[in-house]
Amino acid sequence: MGGGEILVVEDNARNMALLRDVLQATGYGTLQAFSGREAVALAQAYWPALVLMDIRLSDMDGTEALRLLRANERTASIPVLAVTAQAMAGDRERFLAAGFDGYLSKPIDVDGLLATVRLHHRRRSADLEPNS
Ligand code: MN
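Residues numbered from 1 in each chain as written. Predicted model: local features only at pLDDT ≥ 70, side-chain atom pairs only at ≥ 80, totals over all residues. Heavy atoms only, no water.

What follows is about the overall build of the protein chain. If you tally the helices and strands in the protein chain, you get five helices and five strands. Its helices and strands in sequence order give the protein chain the pattern β-α-β-α-β-α-β-α-β-α, from N to C terminus. The dimensions of the protein chain, computed from C-alpha atoms along their principal axes, are 40 × 30 × 25 Å. Looking at the protein chain as a whole, 44% of its 132 residues are labelled buried. As presented, the protein chain carries roughly 6900 Å² of accessible surface, and 51% of it is formed by carbon and sulfur atoms. (Helix = DSSP H or I, 4+ residues; strand = E, 2+ residues; numbered from the N terminus. Buried < 20%, exposed > 50% of the residue type's maximum accessible area, 1.4 Å probe, protein only. Areas by Shrake-Rupley, 256 points an atom, 1.4 Å probe, with all protein chains shown as cover.)

Below you can see the structure in the form of structure tokens.
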């Protein structure tokens, strides 16, 4: 079973370090995946509480990685937030329509990141309580 970790999927080392450091400093455990393929494998193995999914990855689009997570029974219900540098009008609606649970744009605003992470992490934790 998962231990409440957050899986960070990001192919840029600098962005990965930023996200990891902010989350760890806040008290979250993190897992790191640098590709879509690695993200799917780690999600299967560790069943994280939440996934932050970069959209532009080297091996596949983050939306394709989301599709793979949703297609598997074990990982289908893990909340996944899209993280993208494409700051285009309608992005939020487009990513939510694609099945993401939330959306964060780069450059990352730390307060916004933590508020969104907290919301989805808590929602997932509540799902795991037997009588809620
Ligand atoms: Mn990227």
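This part is about the coordination of the manganese ion. Protein-derived ligands of the manganese ion are D11 (OD), D54 (OD) and R56 (O), with the metal-ligand distances lying across 2.1 to 2.3 Å. Classification of R56 as exposed rests on a relative accessible area of 62%. (Donors = N, O, S within 2.8 Å, 3.2 Å for Na, K, Ca; no water.)

Before going further, it helps to examine the sheet that holds strand 2 (residues 30-33). The strands making up a sheet associate through backbone hydrogen bonding, with each pair oriented either parallel or antiparallel. One open sheet accounts for five strands, arranged 2-1-3-4-5; its pairing is parallel. Only two strands of the sheet have a single neighbouring strand rather than two, namely strand 2 and strand 5 (102-105). The sheet shows a mean angle of 20° between the axes of neighbouring strands, direction not considered. Bridge count between strand 1 (residues 6-9) and strand 3 (residues 50-54): four bridges; the pairing is parallel. Opposite I6, over in strand 3, you have L50 as the bridge partner. (Pairing = 2+ DSSP bridges. Axes fitted to C-alpha atoms, helices over the stretch in contact; angles between N-to-C directions.)

This part covers the environment of L42. Within the element layout of this structure, L42 appears in helix 2 (residues 36-46). Note on L42: relative accessible area 17%, which makes it buried. Once residues within four sequence positions are removed from consideration, L42 is found in contact with L7, Q32, A33, W47 and P48. (Contact = heavy atoms within 4.5 Å.)

With 14 residues, helix 1 (residues 13-26) extends 20 Å from end C-alpha to end C-alpha; this agrees with the ideal 20 Å at 1.5 Å per step. All buried positions along helix 1 are accounted for by M16, L19, V22 and L23. The buried residues of helix 1 occupy an angular sector of 145° when projected down its axis, which confines them to one face. Opposite its buried face, helix 1 presents the exposed residues A13, R14 and A25, each directed more than 90 degrees away. The opening residue of helix 1 is N12, an N-cap whose side-chain oxygen sits 3.0 Å from the backbone nitrogen of R14. Directly after helix 1, the chain includes G27, whose backbone phi takes a positive value near 110°. (Expected span 1.5 Å × (residues − 1). Arc of directions from axis to C-beta. Polar contact = N/O pair within 3.5 Å; in protein donor to acceptor, adjacent residues only side chain to side chain.)

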